[in-house]
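Geometric and topological summary
Okay, here's what each chain looks like letter by letter:
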Amino acid sequence: MRRTLAGAGLALLLVTTGCTGSGVETPPRSVEPTAPGAATPTASRQDADEVARTLASLRRVGDLPLYEMTYVGGYDATVGTDARPASGPFGCSLFAAAGDPSRPLFARNFDWGPHPAMVLRTDPPDGYASVSMVDMSYLGVGPDPTGDRRLLNAPLLPFDGMNERGLAVGLAADDHATAKPVPGRPTVGSVRILRLVLDRAATVDEAVAVFERHNLDFEGGPPLHYLLADAAGRSAVVEFVDGTMRVQRGEGRWQALTNVPVIGVPEAQRRTDRRYGVLAAELERSGAVVDASAALRLLDAVRQGHTRWSVTYELRSGEVRVVPVSGGERRYRLPVS
(Lines give C-alpha, C1' and ligand atoms only; values in the text may rest on other atoms or scores of the structure.)
Protein backbone atom coordinates (compact mmCIF):
# COMPACT_ATOMS: atom_id res chain seq x y z
CA MET A 1 0.00 0.00 0.00
CA ARG A 2 1.44 3.36 -1.01
CA ARG A 3 2.31 5.51 1.99
CA THR A 4 1.72 9.18 1.23
CA LEU A 5 2.96 10.35 4.62
CA ALA A 6 6.10 8.26 4.88
CA GLY A 7 8.83 10.26 6.52
CA ALA A 8 6.56 13.23 7.18
CA GLY A 9 6.21 12.49 10.89
CA LEU A 10 3.13 12.46 13.05
CA ALA A 11 3.47 16.16 13.77
CA LEU A 12 2.28 16.77 10.20
CA LEU A 13 -0.49 14.21 10.28
CA LEU A 14 -3.06 16.38 11.98
CA VAL A 15 -2.56 20.02 12.87
CA THR A 16 -5.01 22.10 14.90
CA THR A 17 -5.74 25.09 12.69
CA GLY A 18 -8.09 26.97 14.95
CA CYS A 19 -10.47 26.56 17.86
CA THR A 20 -13.02 28.31 19.99
CA GLY A 21 -14.95 27.13 22.97
CA SER A 22 -15.42 27.23 26.68
CA GLY A 23 -13.15 24.32 27.51
CA VAL A 24 -9.72 24.92 28.97
CA GLU A 25 -7.05 23.39 26.78
CA THR A 26 -4.69 21.20 28.76
CA PRO A 27 -1.17 20.81 27.38
CA PRO A 28 0.21 17.30 26.89
CA ARG A 29 1.78 15.85 30.03
CA SER A 30 4.58 13.41 30.55
CA VAL A 31 3.09 10.29 32.09
CA GLU A 32 4.28 6.99 33.38
CA PRO A 33 2.16 4.23 31.81
CA THR A 34 0.25 2.17 34.32
CA ALA A 35 1.52 -1.27 35.14
CA PRO A 36 0.67 -3.77 32.38
CA GLY A 37 -1.38 -5.89 34.73
CA ALA A 38 -3.66 -2.97 35.58
CA ALA A 39 -5.26 -2.73 32.13
CA THR A 40 -3.43 -4.66 29.44
CA PRO A 41 -4.20 -3.32 25.96
CA THR A 42 -5.05 -5.93 23.35
CA ALA A 43 -4.49 -4.00 20.12
CA SER A 44 -1.13 -2.37 20.80
CA ARG A 45 1.90 -3.53 18.86
CA GLN A 46 4.00 -0.66 20.21
CA ASP A 47 7.33 -0.61 21.95
CA ALA A 48 7.68 1.05 25.36
CA ASP A 49 8.71 4.40 23.87
CA GLU A 50 5.72 4.46 21.50
CA VAL A 51 3.37 3.64 24.37
CA ALA A 52 4.77 6.47 26.46
CA ARG A 53 4.55 8.96 23.58
CA THR A 54 0.98 7.93 22.83
CA LEU A 55 -0.23 8.30 26.41
CA ALA A 56 1.67 11.57 26.85
CA SER A 57 -0.06 13.05 23.79
CA LEU A 58 -3.49 12.90 25.44
CA ARG A 59 -4.91 16.30 26.24
CA ARG A 60 -8.31 17.66 27.14
CA VAL A 61 -9.49 20.36 24.73
CA GLY A 62 -13.16 20.88 25.56
CA ASP A 63 -15.98 20.43 28.04
CA LEU A 64 -17.75 17.41 26.53
CA PRO A 65 -15.21 16.42 27.79
CA LEU A 66 -13.37 16.27 24.48
CA TYR A 67 -9.83 14.90 24.23
CA GLU A 68 -7.20 14.59 21.52
CA MET A 69 -4.60 11.83 21.22
CA THR A 70 -1.98 10.77 18.68
CA TYR A 71 -1.44 7.01 18.49
CA VAL A 72 2.26 6.37 17.83
CA GLY A 73 3.21 3.04 16.28
CA GLY A 74 1.32 -0.03 15.18
CA TYR A 75 -1.72 -1.99 16.31
CA ASP A 76 -3.58 -5.12 15.31
CA ALA A 77 -7.02 -4.02 14.21
CA THR A 78 -8.39 -7.57 14.15
CA VAL A 79 -8.16 -8.48 17.83
CA GLY A 80 -9.37 -7.25 21.20
CA THR A 81 -11.97 -4.77 22.33
CA ASP A 82 -15.38 -4.54 20.67
CA ALA A 83 -18.25 -2.15 21.36
CA ARG A 84 -20.77 -3.46 23.88
CA PRO A 85 -23.02 -0.54 24.78
CA ALA A 86 -25.57 -0.43 27.54
CA SER A 87 -29.08 0.40 26.45
CA GLY A 88 -29.68 4.08 25.94
CA PRO A 89 -30.83 6.72 23.49
CA PHE A 90 -29.89 6.03 19.92
CA GLY A 91 -29.61 8.20 16.89
CA CYS A 92 -27.07 9.66 14.50
CA SER A 93 -27.62 11.65 11.31
CA LEU A 94 -25.16 11.48 8.41
CA PHE A 95 -24.90 12.76 4.87
CA ALA A 96 -22.50 12.90 1.95
CA ALA A 97 -22.73 15.87 -0.41
CA ALA A 98 -20.93 16.16 -3.75
CA GLY A 99 -22.88 18.87 -5.55
CA ASP A 100 -19.59 20.73 -5.93
CA PRO A 101 -17.29 18.05 -7.41
CA SER A 102 -14.23 19.97 -6.22
CA ARG A 103 -15.39 19.92 -2.57
CA PRO A 104 -17.13 16.65 -1.65
CA LEU A 105 -18.05 16.58 2.01
CA PHE A 106 -19.10 14.04 4.65
CA ALA A 107 -20.90 15.13 7.83
CA ARG A 108 -22.52 13.55 10.85
CA ASN A 109 -24.11 14.01 14.26
CA PHE A 110 -23.25 11.34 16.82
CA ASP A 111 -26.24 10.83 19.11
CA TRP A 112 -25.73 8.62 22.14
CA GLY A 113 -25.16 8.76 25.90
CA PRO A 114 -23.34 11.49 27.90
CA HIS A 115 -19.82 10.15 27.36
CA PRO A 116 -16.41 11.77 26.78
CA ALA A 117 -15.11 11.80 23.21
CA MET A 118 -11.69 11.73 21.57
CA VAL A 119 -10.24 13.03 18.32
CA LEU A 120 -7.78 10.26 17.46
CA ARG A 121 -4.84 10.49 15.06
CA THR A 122 -3.43 7.23 13.72
CA ASP A 123 -0.73 6.47 11.14
CA PRO A 124 -0.21 2.69 11.17
CA PRO A 125 2.85 1.28 9.38
CA ASP A 126 0.66 -1.03 7.30
CA GLY A 127 -2.31 1.23 6.58
CA TYR A 128 -3.52 4.71 5.77
CA ALA A 129 -3.22 7.59 8.21
CA SER A 130 -6.57 8.81 9.50
CA VAL A 131 -8.41 11.00 11.95
CA SER A 132 -11.44 9.54 13.70
CA MET A 133 -13.84 10.15 16.55
CA VAL A 134 -14.04 7.74 19.50
CA ASP A 135 -16.66 7.46 22.25
CA MET A 136 -14.26 6.88 25.15
CA SER A 137 -16.81 5.10 27.34
CA TYR A 138 -16.36 2.00 25.18
CA LEU A 139 -12.73 1.83 26.31
CA GLY A 140 -13.76 1.58 29.97
CA VAL A 141 -11.60 4.52 31.07
CA GLY A 142 -12.43 6.52 34.21
CA PRO A 143 -13.08 10.24 34.78
CA ASP A 144 -9.34 10.97 34.50
CA PRO A 145 -7.95 8.87 31.62
CA THR A 146 -4.39 10.19 31.98
CA GLY A 147 -1.94 7.30 31.65
CA ASP A 148 -4.67 4.66 31.32
CA ARG A 149 -3.34 1.90 29.08
CA ARG A 150 -6.84 1.10 27.86
CA LEU A 151 -6.43 4.18 25.66
CA LEU A 152 -4.12 2.02 23.55
CA ASN A 153 -7.23 0.21 22.30
CA ALA A 154 -8.72 3.45 20.96
CA PRO A 155 -7.92 2.67 17.29
CA LEU A 156 -10.34 -0.26 17.47
CA LEU A 157 -13.45 1.87 18.05
CA PRO A 158 -13.86 4.73 15.56
CA PHE A 159 -17.47 5.89 15.21
CA ASP A 160 -16.66 8.01 12.18
CA GLY A 161 -13.49 9.11 10.42
CA MET A 162 -11.57 10.04 7.27
CA ASN A 163 -8.26 8.72 5.98
CA GLU A 164 -5.43 10.26 3.99
CA ARG A 165 -7.01 9.20 0.69
CA GLY A 166 -10.18 11.15 1.40
CA LEU A 167 -12.31 8.10 2.23
CA ALA A 168 -14.84 8.72 5.02
CA VAL A 169 -17.14 6.35 6.88
CA GLY A 170 -19.71 6.67 9.63
CA LEU A 171 -22.34 4.53 11.33
CA ALA A 172 -25.85 4.82 12.69
CA ALA A 173 -28.04 2.49 14.73
CA ASP A 174 -30.39 0.31 12.69
CA ASP A 175 -32.58 -1.92 14.83
CA HIS A 176 -33.71 -3.81 11.73
CA ALA A 177 -30.19 -4.96 10.81
CA THR A 178 -29.34 -8.66 11.05
CA ALA A 179 -26.15 -10.27 9.79
CA LYS A 180 -25.79 -13.98 9.07
CA PRO A 181 -22.20 -15.25 8.95
CA VAL A 182 -20.74 -16.38 5.65
CA PRO A 183 -18.50 -19.44 6.07
CA GLY A 184 -14.81 -18.75 5.65
CA ARG A 185 -14.93 -15.05 6.45
CA PRO A 186 -13.36 -13.60 9.62
CA THR A 187 -15.77 -11.98 12.07
CA VAL A 188 -15.29 -8.47 13.43
CA GLY A 189 -17.37 -6.14 15.58
CA SER A 190 -19.90 -3.79 14.02
CA VAL A 191 -17.83 -0.75 15.07
CA ARG A 192 -14.44 -2.38 14.45
CA ILE A 193 -15.18 -2.64 10.73
CA LEU A 194 -14.74 1.15 10.47
CA ARG A 195 -11.09 0.81 11.51
CA LEU A 196 -10.47 -1.80 8.84
CA VAL A 197 -12.08 0.47 6.24
CA LEU A 198 -10.06 3.53 7.27
CA ASP A 199 -6.80 1.58 7.32
CA ARG A 200 -7.28 -0.37 4.09
CA ALA A 201 -9.62 1.45 1.68
CA ALA A 202 -8.95 4.45 -0.56
CA THR A 203 -12.29 4.52 -2.40
CA VAL A 204 -15.91 3.58 -1.84
CA ASP A 205 -15.42 0.47 -3.98
CA GLU A 206 -12.47 -0.64 -1.83
CA ALA A 207 -14.44 0.09 1.35
CA VAL A 208 -17.36 -2.04 0.16
CA ALA A 209 -14.86 -4.82 -0.57
CA VAL A 210 -13.59 -4.63 3.04
CA PHE A 211 -17.16 -5.15 4.25
CA GLU A 212 -17.59 -8.05 1.84
CA ARG A 213 -14.53 -9.84 3.20
CA HIS A 214 -15.83 -9.88 6.80
CA ASN A 215 -18.73 -11.11 8.86
CA LEU A 216 -20.11 -8.49 11.27
CA ASP A 217 -20.96 -9.33 14.85
CA PHE A 218 -24.19 -7.58 15.81
CA GLU A 219 -24.52 -9.73 18.93
CA GLY A 220 -21.42 -8.32 20.63
CA GLY A 221 -22.18 -4.78 19.46
CA PRO A 222 -25.05 -2.63 18.21
CA PRO A 223 -26.87 -3.44 14.94
CA LEU A 224 -25.82 -0.73 12.52
CA HIS A 225 -25.86 0.54 8.97
CA TYR A 226 -23.13 2.63 7.35
CA LEU A 227 -22.47 5.55 5.02
CA LEU A 228 -19.31 5.73 2.88
CA ALA A 229 -17.98 8.58 0.73
CA ASP A 230 -14.74 9.31 -1.10
CA ALA A 231 -12.77 12.17 -2.64
CA ALA A 232 -14.14 11.45 -6.11
CA GLY A 233 -17.66 12.26 -4.90
CA ARG A 234 -18.86 8.66 -4.78
CA SER A 235 -20.94 7.39 -1.88
CA ALA A 236 -22.73 4.25 -0.74
CA VAL A 237 -24.98 2.97 2.03
CA VAL A 238 -24.22 -0.49 3.45
CA GLU A 239 -27.06 -2.28 5.23
CA PHE A 240 -27.78 -5.80 6.42
CA VAL A 241 -31.25 -6.87 5.33
CA ASP A 242 -32.64 -10.25 6.41
CA GLY A 243 -29.13 -11.29 7.32
CA THR A 244 -27.55 -10.34 3.99
CA MET A 245 -25.26 -7.42 3.22
CA ARG A 246 -26.70 -5.05 0.63
CA VAL A 247 -25.22 -1.90 -0.90
CA GLN A 248 -26.96 1.13 -2.37
CA ARG A 249 -24.58 3.37 -4.25
CA GLY A 250 -25.29 7.05 -4.62
CA GLU A 251 -26.87 7.83 -7.98
CA GLY A 252 -27.27 11.54 -7.44
CA ARG A 253 -25.22 14.19 -5.70
CA TRP A 254 -26.02 13.21 -2.11
CA GLN A 255 -26.94 10.41 0.25
CA ALA A 256 -28.28 10.65 3.80
CA LEU A 257 -28.66 8.19 6.64
CA THR A 258 -30.44 8.32 10.00
CA ASN A 259 -31.94 5.38 11.90
CA VAL A 260 -34.43 4.13 9.35
CA PRO A 261 -33.59 1.59 6.65
CA VAL A 262 -32.74 2.97 3.22
CA ILE A 263 -32.31 0.00 0.91
CA GLY A 264 -35.58 -1.23 -0.56
CA VAL A 265 -37.51 1.63 1.07
CA PRO A 266 -39.15 4.26 -1.21
CA GLU A 267 -37.73 7.76 -0.86
CA ALA A 268 -41.12 9.18 0.15
CA GLN A 269 -41.29 6.69 3.02
CA ARG A 270 -37.74 7.52 4.15
CA ARG A 271 -38.70 11.19 4.37
CA THR A 272 -41.39 10.45 6.93
CA ASP A 273 -38.47 10.21 9.37
CA ARG A 274 -38.09 13.84 10.47
CA ARG A 275 -34.31 13.99 10.47
CA TYR A 276 -33.94 12.21 7.14
CA GLY A 277 -36.63 14.48 5.68
CA VAL A 278 -34.86 17.66 6.83
CA LEU A 279 -31.53 16.48 5.43
CA ALA A 280 -33.03 15.38 2.13
CA ALA A 281 -35.02 18.58 1.61
CA GLU A 282 -32.02 20.85 2.20
CA LEU A 283 -29.59 18.78 0.15
CA GLU A 284 -32.09 18.72 -2.69
CA ARG A 285 -32.77 22.46 -2.42
CA SER A 286 -29.06 23.35 -2.42
CA GLY A 287 -28.13 20.92 -5.15
CA ALA A 288 -25.90 19.31 -2.52
CA VAL A 289 -23.48 22.23 -2.79
CA VAL A 290 -22.59 22.38 0.90
CA ASP A 291 -19.47 23.75 2.56
CA ALA A 292 -18.46 22.89 6.13
CA SER A 293 -20.26 25.86 7.68
CA ALA A 294 -23.50 25.06 5.86
CA ALA A 295 -23.11 21.40 6.79
CA LEU A 296 -22.80 22.26 10.47
CA ARG A 297 -25.94 24.41 10.25
CA LEU A 298 -27.78 21.50 8.67
CA LEU A 299 -26.54 19.14 11.36
CA ASP A 300 -27.76 21.63 13.96
CA ALA A 301 -31.22 21.48 12.37
CA VAL A 302 -31.38 17.72 13.07
CA ARG A 303 -29.65 17.83 16.45
CA GLN A 304 -31.29 15.79 19.21
CA GLY A 305 -31.17 16.19 22.97
CA HIS A 306 -28.53 13.47 23.16
CA THR A 307 -26.31 14.64 20.28
CA ARG A 308 -22.72 14.44 21.53
CA TRP A 309 -20.76 15.88 18.63
CA SER A 310 -21.08 17.14 15.08
CA VAL A 311 -18.23 16.67 12.62
CA THR A 312 -17.52 17.52 8.99
CA TYR A 313 -14.85 15.96 6.77
CA GLU A 314 -13.81 17.73 3.56
CA LEU A 315 -12.70 14.82 1.43
CA ARG A 316 -10.26 16.69 -0.81
CA SER A 317 -8.84 19.43 1.40
CA GLY A 318 -8.62 17.15 4.45
CA GLU A 319 -10.14 19.76 6.77
CA VAL A 320 -12.02 18.39 9.78
CA ARG A 321 -14.30 20.45 12.00
CA VAL A 322 -15.56 19.06 15.31
CA VAL A 323 -18.27 20.76 17.36
CA PRO A 324 -19.01 19.08 20.73
CA VAL A 325 -22.31 19.45 22.55
CA SER A 326 -20.63 21.88 24.95
CA GLY A 327 -20.06 24.32 22.07
CA GLY A 328 -17.05 25.75 20.33
CA GLU A 329 -15.29 24.32 17.32
CA ARG A 330 -12.03 22.44 16.78
CA ARG A 331 -10.43 22.44 13.34
CA TYR A 332 -7.84 20.03 12.01
CA ARG A 333 -6.24 19.22 8.70
CA LEU A 334 -5.25 15.76 7.52
CA PRO A 335 -3.01 15.82 4.42
CA VAL A 336 -5.03 14.11 1.68
CA SER A 337 -3.67 12.82 -1.61
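Whatever comes next refers back to the structure up there.
Description of the structure in this document. Position labels on residues start from 1 in each chain and follow its written sequence. Local features are withheld for residues below a pLDDT of 70 in this predicted model, meaning they are given only at 70 or higher, and side-chain atom pairs are given and counted only at 80 or more; totals for whole chains, interfaces and linings count all residues. Computation of side-chain values: all heavy atoms of the structure, hydrogens and water removed.

Secondary structure counts use DSSP, requiring at least four H or I residues in a row for a helix and at least two E residues in a row for a strand, with both numbered from the N terminus. The helix and strand inventory of the protein chain stands at 6 helices and 18 strands. Of the contacts made within the protein chain by residues no fewer than 6 positions apart, 70% connect residues no fewer than 24 positions apart. In what follows, residue pairs with any heavy atoms lying within 4.5 Å of each other are defined as contacts.

Turning next to unusual backbone geometry. The step from Leu64 to Pro65 runs through a cis peptide bond, and the omega angle for that step is 5°. Checked against the element boundaries, Pro65 lands in the loop between β2 (59-62) and β3 (66-71).

So, on to the packing of aromatic side chains. Note on aromatic contacts: the rings of Phe and Tyr and the six-membered ring of Trp form a pair at centre separations within 6.5 Å, being stacked when their planes are under 30 degrees apart, edge-to-face when over 60 apart, and tilted otherwise. For the structure on display, the rule yields 7 aromatic pairs. With 6.3 Å between their ring centres and 50° between their planes, Phe106 and Tyr313 make a pair best called tilted. Residue Phe106 is found in strand β5 (residues 105-111), and its partner Tyr313 is found in strand β16 (residues 307-314); the two are separated by 207 residues along the sequence. Taken together, a centroid distance of 5.1 Å and an interplanar angle of 65° make the contact between Phe110 and Phe159 edge-to-face.

Categorising residues by exposure relies on relative accessible area from a 1.4 Å probe, with only protein chains included: less than 20% of the type maximum marks a residue as buried, more than 50% marks it as exposed, and the intermediate range marks it as partly exposed. Counted residue by residue, strand β13 (residues 235-241) has 6 buried out of 7 residues, so it is predominantly covered. Only strands that DSSP links by at least two bridges are regarded as paired with each other. Across 4 bridges, the pairing between strand β12 (residues 224-229) and β13 is antiparallel. Bridged to Leu228 within β13 is Ala236. Between the end of β12 and the start of β13, which pair antiparallel, lie 5 residues, with Gly233 showing a positive phi angle near 90°. In terms of strand pairing, β13 meets strand β14 (residues 244-249) through 6 bridges, oriented antiparallel. Looking at β14, one finds that Val241 is bridged to Thr244. The antiparallel pairing of β13 with β14 creates a hairpin that spans 2 residues between the two strands, and Asp242 there sits at a positive phi of about 50°.

Okay, the packing of helix α2 (residues 192-200) against helix α3 (residues 204-212) next. Interaxial distance between α2 and α3 falls to 9 Å at its minimum, and their mutual angle equals 140°. On the basis of their axis angle, the class for α2 and α3 is oblique. Judged by the twist between their axes, the crossing of α2 over α3 is right-handed. Here α2 contributes Ile193, Leu196, Val197 and Arg200 to the contact with α3, which in turn contributes Glu206, Ala207, Val210 and Phe211. Note on method: axes are straight lines fitted to C-alpha atoms, helices fitted across the in-contact stretch only, with angles between N-to-C directions ranging 0 to 180 degrees. In these notes the angle categories are as follows: under 35 degrees is roughly parallel, over 145 is roughly antiparallel, 65 to 115 is roughly perpendicular, and the rest is oblique. When the near helix sits turned anticlockwise from the far one by under a right angle, the crossing is termed left-handed; a clockwise turn instead gives a right-handed crossing.

What follows covers helix α6 (residues 292-301). The complete set of buried residues in α6 reads Ala292, Ala295, Leu296, Leu298 and Leu299. Across the axial projection of α6, the buried residues extend over an arc of 160°, all falling on one side. Lining the buried residues of α6 we find β4 (93-97), β5, α5 (274-285), β16, β17 (319-324) and β18 (329-333). Sitting at the amino-terminal end of α6 is Asp291, which places a side-chain oxygen 3.3 Å from the backbone nitrogen of Ser293. Think of the arc as the fan of directions from the helix axis to the C-beta atoms. Polar contacts, as used here, are pairs of N or O atoms within 3.5 Å; protein pairs need one atom able to donate a hydrogen and one able to accept it. Residues neighboring in sequence count only if both atoms are side-chain atoms.

With that settled, consider the pairing of β16. Looking along a regular strand, one sees side chains alternate from face to face of the sheet. With respect to burial, β16 is a largely interior element, 8 of its 8 residues being buried. Sheet analysis places β16 next to β17, joined by 5 bridges and oriented antiparallel. Within β17, the residue paired with Val311 across the bridge is Val322.

Grouped together as the largest cluster of nonpolar side chains are 78 residues, with contacts concentrated most on Phe211 and Tyr226. We call a set of buried residues a nonpolar core when its members are Ala, Val, Leu, Ile, Met, Phe, Trp, Tyr or Cys and they connect through side-chain atoms within 4.5 Å of each other. Listed in part, the 19 residues of the second largest apolar core include Ala107, Ala280, Leu296 and Val302.

Looking now at the sheet that holds β14. Hydrogen bonds between backbone atoms are what pair the strands of a sheet, whose relative direction is either parallel or antiparallel. As summarised here, the arrangement of the 9 strands in space is β2-β3-β6-β7-β8-β9-β12-β13-β14, forming an open sheet in which the pairing is mixed. Each end of this open sheet is capped by a strand with a single partner; those strands are β2 and β14. Taken pair by pair, the neighbouring strands of this sheet meet at an average axis angle of 20°, ignoring direction.

Moving on, we get to the side chain of Arg108. As for its position among the elements, Arg108 is in strand β5. On the basis of relative accessibility, which here comes to 0%, the residue Arg108 falls in the buried class. Among the polar contacts made by the side chain of Arg108, one reaches the main-chain carbonyl oxygen of Phe159 at a distance of 2.8 Å. Not counting the four nearest positions on each side in its chain, Arg108 is found in contact with Cys92, Ser93, Leu94, Phe159, Asp160, Gly170, Leu171, Leu299, Trp309, Ser310 and Val311.

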